[in-house]
Amino acid sequence: HGVVKCALGWACWKTYVGRPETDKFRQSAMQVLGAGLSEAGRHEDVLAVDEARFEMLRRHGESGQVMLSVMGNLASTYGTLGRDEEALQMNRDVHSGWLRLGGEDNDNTLRAAVNYTSNLVTQEGFDEAKALLGKTIPVARRVLGEGHMLTLTMRFNYTKVLCRDANSTLDDRREAVTTLEEIERIARRVFGGAHPFTADIERDLLGARTIVARNLYINPAATLDDLREAVTTLEEAERTARRKLGGAHPTTGVIEESLRDARVALGFRCEEELCEMVAAMTPGGA
């Protein structure tokens, strides 16, 4: 991995670069070189390799499956470089191509759906992402199983839609919290607590709980129980954030600020209810 993988990629490319463009080892060496450059964070160089490989294979009439794989790599590089529109269009084409060639149960179709919906979330195409994930998540759970990375990533993307879409309801965001709690347990069992994917889910779970709590305490019609739930949720989130991220982490700061606001809202509501009780017990309601 890292610079070692990059060095091996260059060594592989130098070994086979003298062969004809149609030679399979030479073509594979380009892929290895691109992967090595990516590991070293040299994404502009990755783009040059991916585009050259794509044009070379197209020039020699390579099969549809190979071209779709190369297009998927190219779309990923576009996304890494912030060229989101190009990444989105290419991932849309890749997903359609795999769906046509392999059907909805094909691993490559499901992988393409993950990449496509990830782009949609980034571009705030929430309705399209939600519709596609609603179709593909049941297929992934049936074909790959609950603990497969693609299944978990699809469900993870679905929670991002529920949390980020301005049209989501409180129930939608509660569903996101429930889903994140479930996939966090699965990821911890399958990959371990130290795995970056598990850590990403944990971070988003803290964020989703904070969003739900905020939805509760900013609601003018919130009941006393709603405000107490918001405070309790944020207190637990703050303890978790301090333990896992540290007190100086921005996420911890956001949770602390929300907790202060929730406590203020709860205090005002308690004071209002107390005043109402006193007024009701006073003769004449004074």
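Preceding block: the structure.
In short, a report on the structure.

Calculation notes
- Residues numbered from 1 in each chain as written.
- Predicted model: local features only at pLDDT ≥ 70, side-chain atom pairs only at ≥ 80, totals over all residues.
- Heavy atoms only, no water.
- Phe/Tyr/Trp six-rings, centres within 6.5 Å; stacked < 30°, edge-to-face > 60°.
- Helix = DSSP H or I, 4+ residues; strand = E, 2+ residues; numbered from the N terminus.
- Buried < 20%, exposed > 50% of the residue type's maximum accessible area, 1.4 Å probe, protein only.
- 1 Å grid on protein atoms, 1.4 Å probe; cavity = no way out; pocket = protein on both sides within 12 Å on 5 of 7 lines; lining within 4 Å.
- Points joined across faces, edges and corners; volume = space filled by probe spheres on them.
- Nonpolar A, V, L, I, M, F, W, Y, C, P; charged D, E, K, R; others polar.

## Observations regarding the packing of aromatic side chains
Part 1 of the reasoning: Going through the model one piece at a time under the given rule, you end up with 3 aromatic pairs.
Part 2 of the reasoning: Note on Phe156 and Phe197: the rings are 5.8 Å apart at their centroids and 80° apart in plane angle, and the pair reads as edge-to-face. With Phe156 in helix α8 (residues 149-164) and Phe197 in helix α10 (residues 196-217), the pair connects residues that are 41 residues apart, well separated along the chain.
Part 3 of the reasoning: Under the relative-accessibility criterion, Phe197 is labelled buried at 9%.

## Section: the layout of surface pockets
A probe as big as a water molecule, rolled over the atoms, marks out the empty space that is left.
Part 1 of the reasoning: Empty space within the largest pocket amounts to approximately 870 Å³.
Part 2 of the reasoning: Around the largest pocket sit 36 residues that line it, and Gly72, Ala75, Ser76, Thr77 and Asn115 are the ones nearest its centre.
Part 3 of the reasoning: Taken together, the elements giving at least two residues each to the lining of the largest pocket come down to α2 (24-39), α3 (43-59), α4 (64-80), α5 (84-102), α6 (107-122) and α8.
Part 4 of the reasoning: Classifying every residue of the lining of the largest pocket by side-chain character gives 11 nonpolar, 19 polar and 6 charged.
Part 5 of the reasoning: Here the second largest pocket defines a volume of roughly 170 Å³.
Part 6 of the reasoning: The wall of the second largest pocket is formed by Thr159, Lys160, Cys163, Arg164, Leu180, Arg203, Asp204, Gly207, Ala208 and Ile211.
Part 7 of the reasoning: Secondary structure elements with two or more residues in the lining of the second largest pocket: α8 and α10.
Part 8 of the reasoning: Here the element with the most residues in the lining of the second largest pocket is α10; it accounts for 5 residues.

Remember that the coordinates give geometry; whether it matters functionally is a separate question.
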